[in-house]
Amino acid sequence: MDILWLGSRHGLNSFEQIAIVLVLVAAFISLMYAWWLRSTVLKKDKGTDKMQEIWNAIRVGADSYLGQQLKTILPLIGVLTVVMFLSVYVVPPSLEAREEFKAFGEQGITLIIAVGRTIAFIMGASFSLIVGQWGMRMAVQANVRVASASRRSLNESLSIAYYAGTYTGMLTDGLGLLGGTLIFIVFGKAAPDALLGFGFGGTLLALFMRVGGGIYTKAADVGADLVGKVEKDIPEDDPRNAAVIADLVGDNVGDCAGMAADIFESYEVTIVSGLILGLSLVAITGDLKWIVYPLIIRAVGVISSIIGTFTVPIWEKVNLPLLGRAHDAEEAMFRSYEVSSIFTVTISIFLAWLYANDWRLAALTAIGVGLAVAFNPLTSYFTSTKKSPVKEIVASTKTGPATTILSGLSVGMESSVWALLVIAVSFIAGILLYNGDGAQYVLYAIAMIGIGMLSHTGNNVAMDSYGPISDNANGIGEMAWHDMEDENTLKARQIMADLDAVGNTTKAITKGVAIASAVIAAVSLFASYITDVGRVQAQLGLTEVMNSIRVSDTRVFVGLLLGGALPWLFSSLSIRAVSRAAGQIVEEVRRQFKIPGIMEGTKTPDYAQVVGISTASAQKELIPLATIAVLMPLVVGLVLQVEALGGFLAGIILSGQLLAVFLSNAGGAWDNAKKSIEDEPRDLKNNTGKGSERHKAGVVGDTVGDPMKDTAGPALNPMIKVANLVSLLAAPIIVKYPMVQADGSVNIVVVIVAVALLAATIWAIGRSKSPVKEL
C-alpha cells in the first residue's frame, strides 16, 4: 500500500498511511461542521428594525476596523515573506532536508526548502487571519440573533451564542490540523524546516490582532464606563453614551478576532513543536509513531469537540439521573467539555496500546486534557461571582476604590501562583514518565502534554467567543429596549444578563487555558531551540555543541534578566496606549453630553467620532509592539550569542506566564465584582445596586482591570511565541556568523546589523510612547 506516496517516501506502514489520510478527513469534517453551524445560526431572525439598526452600526464598525488593520500590517508581512525565503540561503538546509530531497541536488534542495518555508509562512498567516476575521464576522451575525431569541427562551439564546462561537473553534481545529498535516505529507522528515514558517506566520498575525483589538476594545470600554456609569449614572449600554457603539465593536475585534487568532496560533505552535521534537526521536529510534501519534490525537480531538459542543443545548433540557439538568449556561459548557475529554482520553488509551505500544503516550494525552480541565474550576474559582475571591472584592467596595484595587491585585497575584503550580505538576508528571529514556524524550513529553491540552480547541474557542457574543447581545437589547418595561422585555433582559455574566467567567477560563498553552508551546519551542542549535553547530563542524543552557554563565544570566523584563515592557506600552486613548474618549463623551438633546435622548450622539479615536489608537501600536517582539531576541542573540538567547527565552516564559495570569484574572475578578453589585436591588440609601458608592468603586476596579485582562495579559501569549520562533529561525544564522570570531576578531557587519536592530527597537519604544494625533 502506498497512499499519497506516504509509504515509499516517508516509510509509513499501512495503518499509519490510513491514519494520516483520516487526519486530513477529520480536518475537512471540522470545516464542514463549521459551515453547518454557520448556516444554522444565520437561519435565525434578527429581531426588530431598531435592533438591526444598532447591529448594523456594530457590523460596519468592526468590518472597517479589520480592513484598516489589514492595510497597516500587510507591508510588514510582505517584508517578512521575503526574509523567510532568503533565510534558507544564509544557512544550508538541515541534513534531514538533504536526505529527503537528495534527488534534486544542493541548489534544488535549498530552493525547495526556501519556497516551502515561505509558502508555509503565508499559509500560517492566512489561516490565522481567516480564523480571526471569519470568526469575528460570525460573532457579529450572531449577536443580534441572540438578542432576538432572548424574547423566546434561554435555551435558544444559549444555542445561537454557543454555536456561533463553535464555528470559530472548528475553523481553528480544521485549518490548524490541515496545515500541519499537509506540511508533513509534502516534506516528511524535512518538515521542521517548513513548519517554523507556518508557526511564525500564524503567531505574528495573532500578535497583530491581539494587540490592535485589545487596545481598541478597552479604550472604548474604559471611556464609556467612566463617563456613563460613574459621572452620569446611566446604564452600561445606554444609547445616549457616544462610546457605546465603539465599546460593542471592540468586543468583536478584541475578544472574538483577537482571541480566535491567539488560540489558533497556540494550536499551530503545539503541532509545530510536537512534530519537530517527534522527528528528532524518529532520527534516534527509526519509529514514526512519534510524529503520527500526535497528529491522530489532534484528529480525535476534532471529533471530540464536535460531539461535546453539539451537546451544550441538550444539558439544559434533559434531566439526567444523578446529574439532573444543567443549572445555567456555564454548567452546560463544562459538561460538554467533560464529554469531549472522556472521549479523547478513551481513544488515546486504545491508540497507545494497539498502535504505539507505549501506554505512556496515552498518559501524556490524559495529563494534557486534565490540565485544560483543571483550568476550568481554577480560573472559575478566582473570577466567578459565586466564589469567595470575587465576594471578597465586592465586600471591599464598601470602603472605596483603593481597597477594591488592593483586593483585586491580591486575587490576581495568588491566582498566578496556583496556575504556575498546576503547569509545573504536569511537567513533573512528564518527567516521571520518560526520565529514564533521556532528556530528548522528556522534552517530547512536554510537547505531547500541549497537544493533549489543546485537543479540545473547538470547545475552548466556543466558550471564549460565547462571551463577547452574549455581551454584544445584551448591549443591543439594552439600546433597543431601554424605554420598554413590559413583562416579556424584562424577562428577555434577565436572560441576556444571565448569559452575559457566564460569558465573563468563560472568557477568563479560556484566557487561562490560552496562557497555559502558550507556556507549554514556548517550553516545547525552547526545547526545539536547544536541539536545533546543537544540530547546526555539529553541521558546521564546531567543537562545542550546545545540549543545555548554563544559567551560571554570566551572559546567559544577563539574557535571562533581559527576557524577564520584556513582558513588563510590552504590558506597560499596551496599557499606556489604552490609557491615552481612553482619556481622549472620556473628553469626547463629556463634550457630547453637553450638547443639548443628547442627555434628554432627543438627539443621537456622534458614535463615529469615538470609533475613530479607538481605531487610530489601535492602529498606531501595531507595528511598534510587533517590532519590539521580533527585534529584541535578535539583538540579544547577536550581541550575547545563542546560549544567552536561550536564557532570554527562559526569562520571557517564566515572567510572561506569571504576569499574563495575574493581569487576566485580576481584571476578570474586578469585572465580575462590579456585575455582582449591579445585580443587587438599587437602594442608594443602603449603598447597594447601580449608582451606589459601592458600584462606583466597583466600576473603578473594572476600568483598571479592563486593559489588564483584555489587552496586556492576552497579548503576552503571542508575544512569548513570536520571540521563541524568531529565535529558532535566527539561531542558525547567529551560530554561523558570531560577532566575535574564534580567533578573537570582531565581525564588523554583524556589529552594524546589531546596532541597526537596537536603534529600530529604541525607535519602536519611542513611537509607542508618543501620543496619538487628535482627530
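As a reminder, the structure under discussion sits directly above these lines.
Please read these numbers as outputs of a predicted model, since none were measured by experiment.

Visitor: Would you take a moment to explain the overall build of the protein for this structure?
Guide: What the protein contains, in helices and strands, is 22 helices and zero strands. Computed over its C-alpha atoms, the radius of gyration of the protein comes to 26 Å, within 12% of the 28 Å expected for a compact globule of 775 residues. Once the C-alpha set of the protein is aligned to its principal axes, its extents read approximately 80 × 60 × 40 Å. The 775 residues of the protein split such that 64% are buried. Counting only contacts in the protein whose residues sit at least 6 apart along the sequence, the fraction spanning at least 24 positions is 84%.

Visitor: Explanation requested: the side chain of Ser 415 in the structure shown.
Guide: Structurally, Ser 415 can be placed in helix α14 (residues 401-434). Given the relative accessible area of 1%, Ser 415 is considered buried. When near neighbours in sequence (up to four residues on either side) are disregarded, Ser 415 contacts Phe 382, Val 661 and Asn 665.

Visitor: Just to check I follow, could you spell out the pattern of salt bridges for this structure?
Guide: Side chains carrying opposite charge are able to pair once their charged atoms draw close together. Taken as a whole, this structure holds 27 salt bridges when the rule is applied. Taking the shortest distance from any N to any O, the salt bridge between Asp 45 and Arg 151 comes out at 3.7 Å. Within this pair, whereas Asp 45 is found in the loop between α2 (14-42) and α3 (49-90), its partner Arg 151 is found in the loop between α5 (105-149) and α6 (154-187), the two being separated by 106 residues in sequence. Of the charged contacts in the structure, one is a salt bridge between Glu 643 and Arg 550, with a shortest N-O distance of 2.8 Å. With a gap of 93 residues between them, Glu 643 in helix α20 (residues 642-678) and Arg 550 in the loop between α17 (487-539) and α18 (554-593) connect regions that are remote in the sequence. Look at Glu 643 and you get buried, because its relative accessible area is 15%. By relative accessible area, which is 43% here, Arg 550 ends up partly exposed.

Visitor: Any chance you could explain α17 here in plain terms?
Guide: Taking 1.5 Å of rise per residue, 53 residues should cover 78 Å, and α17 covers 76 Å from first to last C-alpha, within 8% of that figure. With 41 of 53 residues buried, α17 lies mostly within the body of the structure. Backbone geometry just downstream of α17 places Gly 541 in the positive-phi region, at approximately 75°.

Visitor: Even after reading the chapter, I still don't get the packing of α18 against helix α19 (residues 607-640), so can you show me in this structure?
Guide: What describes two packed helices is the angle between their axes and the distance between those same axes. Their axes nearest at 10 Å, the elements α18 and α19 cross at an angle of 170°. On the basis of their axis angle, the class for α18 and α19 is roughly antiparallel. Partitioned by chemical class, the residues of the contact of α18 with α19 number 18 nonpolar, seven polar and five charged.

Conventions used here
Residues numbered from 1 in each chain as written. Predicted model: local features only at pLDDT ≥ 70, side-chain atom pairs only at ≥ 80, totals over all residues. Heavy atoms only, no water. Helix = DSSP H or I, 4+ residues; strand = E, 2+ residues; numbered from the N terminus. Rg over C-alpha atoms; globule rule 2.2 N^0.38 Å. Buried < 20%, exposed > 50% of the residue type's maximum accessible area, 1.4 Å probe, protein only. Contact = heavy atoms within 4.5 Å. Salt bridge = Lys/Arg side-chain N within 4 Å of Asp/Glu carboxyl O. Expected span 1.5 Å × (residues − 1). Axes fitted to C-alpha atoms, helices over the stretch in contact; angles between N-to-C directions. Parallel < 35°, antiparallel > 145°, perpendicular 65-115°, else oblique. Nonpolar A, V, L, I, M, F, W, Y, C, P; charged D, E, K, R; others polar.

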